[in-house]
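Here is what each chain is made of, one letter per residue.
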Amino acid sequence: MALIIDGKKISQQIKDELKEKVAELKANGKTGALAVIQVGTDPASSVYVRNKKNACAYIGIGSLAYELPEETKEEELLQLIAELNTKEEVKGILVQLPLPKHICEDKIIQSISPKKDVDGFHPQSVGAMTIGQKGFVSCTPAGIIQLLKRSRIEITGKNCVVIGRSNIVGKPMALLMLRENATVTITHSKTKNLPEICKQADILIVAIGKPQFIGSAYVKEGAVVIDVGIHRDENNKLCGDVKFDEVEPIASAITPVPGGVGPMTIAMLMNNCVQSIEDK
Ligand code: GUN
């Protein structure tokens, strides 16, 4: 029987710790707000944005919501970010992705001051993380490190296989596991012999983006399996990239979907916001 890693409980612990810290900072005159920008009305984005605002309220920091119409020009968005970059009260800026096609995401991400880049997407943040310098770390990978540490799963010296090489999850995940002294392999859609490589993993991190793709043929007996995917199956039920029922009996620990990695992303976003308030 595998340990089911409870991301809901761990994220709640983190938010409660942050709530205490925010109260302490407030007592020392340090406050701030997160600015959240959404362009358009994508329903999934609207849910994420609402959850982010609720999390800010829970830990006791401010939030400023900017809901811009789909046809907003790139120039207008750049102008808003330039204003927020200089606004004293704003300690974090988050532009919800994806953006409408007529807006260049790279250009927008680069326009956010690295001091307020609480998503950790700015090239300067990514570079700092790569060489172990101070800066904001992308929230989902940082959340996975917390899940492992708070579940007392040893990382040092372990074989870690990451499936997926996105800028938001796969690449930063691999770098963070390396920072924690794992031996890391990154795999992707062009990798040959994927099952054999995955079977070497003591810790298998799956961010492949395909519903229920990873079954028992990919998992070593006793491995720790982290599932970053979130999809709806044919019955409209939430599921991950991993066939949970098939893999759980051979794993030593596994994250469920929902309630595994998902809740950690917002907890780590709040952590970055609090770090930003503290650093000012
Ligand atoms: N869209 C999906 N995930 C994220 C995220 O972590 N940050 C932002 N800004 N947009 C997203």
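Residues numbered from 1 in each chain as written. Predicted model: local features only at pLDDT ≥ 70, side-chain atom pairs only at ≥ 80, totals over all residues. Heavy atoms only, no water.

Participant: Describe in detail the site of the ligand, supporting the description with residues and values.
Facilitator: Lining the immediate surroundings of the ligand are K52, L94, V95, Q96, L97, D119 and F121. At a separation of 3.2 Å, a nitrogen atom of the ligand approaches a polar side-chain atom of Q96. Interatomic distance of 2.9 Å between a backbone N/O atom of L97 and a nitrogen atom of the ligand. For the ligand, the protein covers 78% of the area, taking 270 Å² as the surface of the free molecule. Within the shell around the ligand, the residues separate by chemical class into four nonpolar, one polar and two charged. (Near = heavy atom within 4 Å. Polar contact = N/O pair within 3.5 Å; in protein donor to acceptor, adjacent residues only side chain to side chain. Areas by Shrake-Rupley, 256 points an atom, 1.4 Å probe, with all protein chains shown as cover. Nonpolar A, V, L, I, M, F, W, Y, C, P; charged D, E, K, R; others polar.)

Participant: I'd like a rundown of the sheet that holds strand β4 (residues 90-95), residues and numbers included.
Facilitator: Strand order in this open sheet of three strands is β3-β2-β4, and the pairing throughout is parallel. Strands with a single pairing partner mark the edges of an open sheet, and in this sheet they are β3 (62-68) and β4. Looking at each pair of strands side by side, their axes are set apart by 15° on average, direction ignored. In the sheet, strand β2 (residues 33-39) pairs with β4 via five bridges, with the strands oriented parallel. Counterpart to I37 in the pairing with β4 is V95. (Pairing = 2+ DSSP bridges. Helix = DSSP H or I, 4+ residues; strand = E, 2+ residues; numbered from the N terminus. Axes fitted to C-alpha atoms, helices over the stretch in contact; angles between N-to-C directions.)

Participant: Break down the environment of D16 for me, citing the residues and quoting the values.
Facilitator: Considering the arrangement of structural elements, one finds D16 in helix α1 (residues 7-27). According to the relative accessible area criterion, D16 is partly exposed, its value standing at 33%. As a C-alpha pair, D16 and P123 span 107 residues in sequence and 31 Å in three-dimensional space. (Buried < 20%, exposed > 50% of the residue type's maximum accessible area, 1.4 Å probe, protein only.)

Participant: Can you break down helix α2 (residues 43-59) residue by residue, with the values?
Facilitator: Taking 1.5 Å of rise per residue, 17 residues should cover 24 Å, and α2 covers 25 Å from first to last C-alpha, within 8% of that figure. Among the residues making up α2, those that are buried are S45, V49, K52, A55, C56 and I59. Along the axis of α2, the buried residues cluster in a sector spanning 120°; they form a single face. Facing away from the buried side of α2 by over 90 degrees, the exposed positions are P43 and A57. Where the residues of α2 are buried, they touch α1, β2, β3, β4 and α10 (262-279). (Expected span 1.5 Å × (residues − 1). Arc of directions from axis to C-beta. Contact = heavy atoms within 4.5 Å.)

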